[in-house]
Amino acid sequence: MKYLKTFFVPAAASLLFLAASCAKEQFAGSADTLADSEYTAVTLTAGFDTSVRTAVDAEGKVSWKAGDIIRYYSESGGAVGSATVGQDCAVAVFEATVAQNASFLVAACGGESLTGNTSGEVFSLEGAVCARQSGRFTDAHVAVARTEDPEAGVLTFRNLTALVKFTLERSDVALISFSSNDQTLLHGDGVLNVTFSGGNPQASFGGSGGNSIEVSTSGAGTFFISSLPGTLGEGFTISCYDSGGKLLGEASTRKALVLKQGTITNLGTIDGRISTPAPDYDPDLSRSGTANCYIIPVGGEYFFDASVKGSSTEPVIGTPAGAKVLWESSVSGSAPSAGDIITGVGYSQGKISFTATGSDGNAVIALTDASGAVLWSWHIWCCKGYRPDECLQTYFNNAGVVMDRNLGAVSAVPGEAGALGLLYQWGRKDPFPGGYCATAPASLPSPVESDASTGTIAYSVANPTVFITCNEDNFNWLTKSDNTLWQDSGSPKGIYDPCPAGYRVPDGGSSGLWAKVLGTAAWTAKGCWDLNMKGINFGTNDKPLGPDKVIWYPAAGYINSTAGALNNVGYSGSYWSSTVDEDGSCCFNISPYFSSSTSYVQPTQTYDRAYAMSVRCVKE
């Protein structure tokens, strides 16, 4: 027969309990399906072990909150039933039906996403463990209880997570981010396997997750961050943002911090430790406009609008599900490891986020669907301290206001490998590594020949790392030429323009950037080519482009159109314009004259569009 027992935990001012009127019993099956000889109805009273002090409300008191869910489990299998807290209160009392001769009972709380299962002595919880928190605390902390005597009616919950407590007195903060500096997981989506020793739970986590937890707030207060236990070997960073997503400041330390299960780590008041960020740092890269390229002058956490194509308002086609790094490159002399340039890439609600390490280099990030197919991709240009508007060069004859370096270059110093930059096939938005670039992964996919399936815009978007060699019909990577991919200044910036917001590929040909200053005819100049630095300084030669003493054009070489091989690094430099010339496109070409210091300059050269060459962006 069924009979009633009581699970009871002694009340205390700081205990977390649920009164009988606060809970509603929810059984896995209907009452008439439960045989009297197999099941027993008991009353459970659930509370928290106050010594661990990790289940707290906004005032730091231990208490149940309306909407909390308590699930209880039999000796094997999934949940037998659950109870939902109806209102804030101190004692949790609810009826439950359990196996009549059960030798133990396990219960768990921690949010609607958790599911559990018991197998022998191991209790497994699956779902989200901690996450973004709303308000000064969240129900995302996970706690479990086990009793060896279900009929005694007592469940004492202990936390599987750790808490970090701190106080913030400033009132202009809308979002707080707590991050581990060494990428230690603070939250995750996976499985917690729990074992009990003397009633004390020990948990191990398996799954994927992140190293940053965010808390939304409306101002000052005391905050509790619920985290997976672990050791933050390189310390942590607390970042504060305003309602517009602008970084207000950070408190950071490289000192190791141990986050213990069931323990609060109190950091005290952090206002005095918050440093003001550099004035040019803005985590929202697309605040001033979207583009296919974003410049990163300082390390930090960033995000951008990933819902539209380039600088247009045209939406990305497909159903986004995630983001990934396609490649990273550096010119340090050794190949970078994955994560050396950017790390922590993620996608949520139409935005891609990542962390820039502060190292110089380049990367390409892709937006993907559920199958991993690329929907669109962006070039991330990491160059310490580079703020293009502070380094612009104005060319003579109102030719244009121009960047001081090649697109993707991490230096503008003559002779440095970092000044070479990246290479682009005409009309494509995605770069290819140039000379002296070491990449992770070490090699990119092999080139493919342009045909009906590969020589299309759709293929180039879906395969941004694949070089497409020319076809014999139009000497283009496209089987059908499209003159609108990069637009001249008389038209809106093209969707596939590779330059950052506010910049574009320059006009070329007889009325373009270089011809306005140097004329249209090819010419030679003795002593102009720097044999040691491998390039031309157009600030000091006989035909300067502008008044700056250094206007460096390096011999970055090119990727040839027929084999997809890198050629002529240190011997010639070719710079695309947006201007078309029949099936080809106009460019600016420099090289030494018969390997001497005499230079040969072609302001209005034309090349096949399947070549990958340098780009020097101009101000819009």
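Refer to the structure presented above.
This one's a predicted model, so the numbers in the text were calculated from it and none came from an experiment. For every chain, the first residue of its written sequence is number 1, and the numbers climb from 1 along that sequence. pLDDT decides what is reported in this predicted model: residues at 70 or higher carry local features, side-chain atom pairs at 80 or more are listed and counted, and totals for whole chains, interfaces and linings draw on all residues regardless. As a rule here, side-chain values cover all heavy atoms of the structure and leave hydrogens and water aside.

## What to know about the overall build of the chain
Looking only at helices and strands, the chain features two helices and 47 strands. The cut-offs for exposure are 20% and 50% of the maximum accessible area for each residue type, with area from a 1.4 Å probe on protein chains only; residues under the lower value are buried, those over the upper are exposed, and the others partly exposed. In the chain, which comprises 620 residues, the proportion classed as buried is 52%. We call two residues contacting when some pair of their heavy atoms lies within 4.5 Å. Taking contacts inside the chain between residues at least 6 apart in sequence as the whole, the part at least 24 apart equals 67%. If you sum the accessible surface of the chain, you get close to 24600 Å²; carbon and sulfur atoms cover 49% of it. Where helices and strands are cited, they refer to DSSP runs of H or I of at least four residues and of E of at least two residues respectively, numbered from the N terminus. Here the accessible surface of atoms and residues is derived via Shrake-Rupley with a 1.4 Å probe, and residues count as covered only by protein chains that are part of the display.

## Comments concerning the state of the cysteines
A pair of cysteine sulfur atoms is labelled a disulfide when the two atoms are within 2.5 Å. Considering all chains together, one arrives at one disulfide under this definition. In this model, Cys499 is linked to Cys617 through a disulfide, with the two sulfur atoms separated by 2.1 Å. Every disulfide takes its handedness from the sign of the S-S torsion; for Cys499 and Cys617 that torsion is -90°, giving left-handed. Separated by 118 residues along the polypeptide, Cys499 in the loop between strand S35 (468-469) and strand S36 (503-504) and Cys617 in the loop between strand S46 (612-613) and strand S47 (618-619) bring together distant segments of the chain. Cys499 gets classed as buried once you look at its relative accessible area, which sits at 0%.

## Regarding the pattern of salt bridges
The rule for a salt bridge is simple: a side-chain nitrogen of Lys or Arg has to be within 4 Å of a carboxyl oxygen of Asp or Glu. Following the criterion strictly, the structure yields seven salt bridges and no others. Among the ionic pairs, Asp404 bridges to Arg405, the shortest N-O distance being 2.9 Å. By the burial criterion, Asp404 is buried, and Arg405 matches it. Where Asp430 meets Lys429, a salt bridge forms, and the shortest distance between an N and an O atom there is 2.9 Å. Neither residue differs from the other here; Asp430 and Lys429 are each classed as buried.

## Section: the environment of Gly344
By the secondary structure assignment, Gly344 is in strand S26 (residues 342-348). Note on Gly344: relative accessible area 48%, which makes it partly exposed. Separated by 135 residues in sequence, Gly344 and Gly209 place their C-alpha atoms 9.9 Å apart. Once residues within four sequence positions are removed from consideration, Gly344 is found in contact with Ser353, Phe354 and Thr355.

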